Amino acid sequence: MRKPLSALAVLGLGLTTAGLGTAVPAAASPAAVPHAGFTAPSSQQADSGASEAFFRAVLKSVAEKRAANPKSTAAVTVVYDASRAPSFSTQIARSTQIWNSSVSNVKLQSGSGSSADFSYREGNDSRGSYASTDGRGNGYIFLDYAQNQQYDSTRVTAHETGHVLGLPDHYTGPCSELMSGGGPGPSCTNATPDANERARVERLWAGGFAAAMDKALEKSGRR
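Note that the structure is predicted; figures quoted are calculated from it, not measured.

What follows covers the overall build of the protein. Of regular secondary structure, the protein possesses 6 helices and 6 strands. The linear arrangement of helices and strands in the protein, starting from the amino end, is α-β-α-β-α-β-β-β-β-α-α-α. Sequence separation of 24 or more characterises 69% of the internal contacts of the protein that already satisfy a separation of 6 or more. Carbon and sulfur atoms make up 52% of the accessible area of the protein, which amounts to about 10500 Å² in all.

Here we take up the confidence of the model for the protein. Mean pLDDT over the protein stands at 77; residues scoring 70 or higher make up 66%. Confidence over residues 1–34 falls short of pLDDT 50; this stretch has 66 contacts with residues more than four positions distant or in other chains.

Turning our attention to helix α5 (residues 153–164). Because the α-helix completes a turn every 3.6 residues, residues three or four places apart line up on one side. The end-to-end C-alpha separation of α5 is 17 Å, in line with the 16 Å expected for 12 residues at 1.5 Å each. Along α5, 12 of the 12 residues are buried, which leaves the element largely enclosed by surrounding structure. Turning to α5, its buried residues are S153, T154, R155, V156, T157, A158, H159, E160, T161, G162, H163 and V164. By the N-cap criterion, in which a side-chain oxygen at the helix start approaches the backbone nitrogen of a residue two or three places on, α5 is capped by D152, the distance to T154 being 3.3 Å. G166 sits one or two positions beyond α5 and adopts a positive phi of about 105°.

With that settled, consider the side chain of T161. Tracing the backbone through its elements, the reader meets T161 in helix α5. Overall, T161 belongs to the buried group, its relative accessible area being 0%. Separated by 2.7 Å, the side chain of T161 and the backbone oxygen of T157 make a polar contact. Those residues in contact with T161 that lie beyond four places of it in its chain are S95, W99, L108, Y120 and I141.

So, about the pairing of strand β5 (residues 130–133). Residues Y130 and S132 of β5 are buried on one face, and the alternating residues A131 and T133, pointing to the opposite face, are buried as well. Sheet topology places β5 next to strand β6 (residues 139–144); 4 bridges connect them, and they run antiparallel. Counterpart to T133 in the pairing with β6 is G139.

Let us now look at the nonpolar core. Across soluble globular proteins, nonpolar side chains have a tendency to be buried as a group. Counting residues in each nonpolar core, the largest one holds 34 residues, and the members touching the most others are V78, W99, F118 and W205. Sorting the residues of this core by element identifies α2 (50–66), β2 (76–84), α3 (89–102), β3 (106–110), β4 (118–123), β6, α5 and α6 (195–219) as the ones contributing at least two each. Of all the elements, α2 adds the most residues to this core, at 5 residues. With near-sequence residues (within four places) excluded, W205 lies in contact with F55, L59, V76, V78, N105, V106, V164 and L165.

The next point concerns the state of the cysteines. Evaluation of the coordinates by the stated rule reveals 1 disulfide. A disulfide bridge connects C175 with C188, and the sulfur atoms are separated by 2.1 Å. Taking the torsion about the S-S bond as the criterion, the C175 to C188 disulfide, at about 85°, is right-handed. With C175 in the loop between α5 and α6 and C188 in the loop between α5 and α6, this pair connects stretches of sequence that are 13 residues apart. According to the relative accessible area criterion, C175 is partly exposed, its value standing at 29%.

All right, on to the pattern of salt bridges then. A complete count under the given rule lists 1 salt bridge for this structure. A salt bridge links D125 to R127; the nearest nitrogen and oxygen atoms lie 2.8 Å apart. For D125, a relative accessible area of 11% gives the class buried. Note on R127: relative accessible area 37%, which makes it partly exposed.

Cut-offs used in this document
Residues numbered from 1 in each chain as written. Predicted model: local features only at pLDDT ≥ 70, side-chain atom pairs only at ≥ 80, totals over all residues. Heavy atoms only, no water. Helix = DSSP H or I, 4+ residues; strand = E, 2+ residues; numbered from the N terminus. Contact = heavy atoms within 4.5 Å. Areas by Shrake-Rupley, 256 points an atom, 1.4 Å probe, with all protein chains shown as cover. pLDDT = per-residue confidence, 0-100. Expected span 1.5 Å × (residues − 1). Buried < 20%, exposed > 50% of the residue type's maximum accessible area, 1.4 Å probe, protein only. Polar contact = N/O pair within 3.5 Å; in protein donor to acceptor, adjacent residues only side chain to side chain. Pairing = 2+ DSSP bridges. Core = buried A, V, L, I, M, F, W, Y, C linked by side-chain atoms within 4.5 Å. Disulfide = S-S within 2.5 Å. Salt bridge = Lys/Arg side-chain N within 4 Å of Asp/Glu carboxyl O.

What follows is the structure, encoded as C-alpha cells:
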C-alpha cells in the first residue's frame with residue numbers, strides 16, 4: 001500500500017514539493033548499464049556486477065584527484081553533487097549524516113561540478129531508483145518519484161548511497177540490512193546500515209582505496 005505524500009511529509013521523510021506539484025518532472029534518461037536498483041529487477045537482465053562497477057567508477061574519480069596529494073592521511077572524502085535532485089535535499093542530507101556517523105575511513109561531502117565524484121538525479125523511471133555508471137568512469141544515483149512515495153525515502157537514498165561506498169544489493173536480507181533495499185517491503189523504514197555492512201565499507205576504504213591510489217599514482221607518473 002502506497003503512503004500518501006502528506007503522510008510522508010508529516011514523518012519528515014517525504015519529498016519536498018519542488019518538482020512534485022503541477023509541474024511535470026523530466027523523465028529519466030535511459031540508464032546506462034550496469035545499474036543497481038532499490039528493488040529486485042523483474043527480469044534477469046540486471047548486471048550482477050552493477051554495484052562493483054559503480055563503486056569502481058567512484059573510486060577511480062576519488063583516487064585520481066587524491067593523487068595530487070598522496071601524503072594525505074585523512075579519511076577519504078567522496079564528493080557528491082545534489083543539484084539535480086532538489087526534491088530530495090532532505091533525504092540526501094540525512095543519508096549523508098547516517099553514513100558519516102556509521103563509518104570513519106570514508107566521508108561524504110557536498111560539492112558541485114568537476115569537484116564531484118558522483119551525482120544525484122531525480123525523475124520518473126519505471127525501474128524505480130538505482131545507482132548507475134555510464135561505463136566512462138562517471139557515476140550517479142537516480143531517485144524515482146513514485147518509488148519514493150511507496151517506500152521510505154530516506155531508506156531508498158541511503159541504500160543507493162551504499163552502492164557508492166561499495167556495497168552490493170542483498171534483496172533477500174532482513175529489514176535490518178540496509179542493502180536488502182525493497183526486499184522486506186514498503187513497511188521497512190530502516191535507513192541505517194547494520195554492523196556487517198559498516199564493517200565491509202570500512203574494509204573496502206582501508207584496503208581497496210590503497211590499490212586504486214597506486215594505479216592513479218602510476219598513471220600520473222608519480223611512481
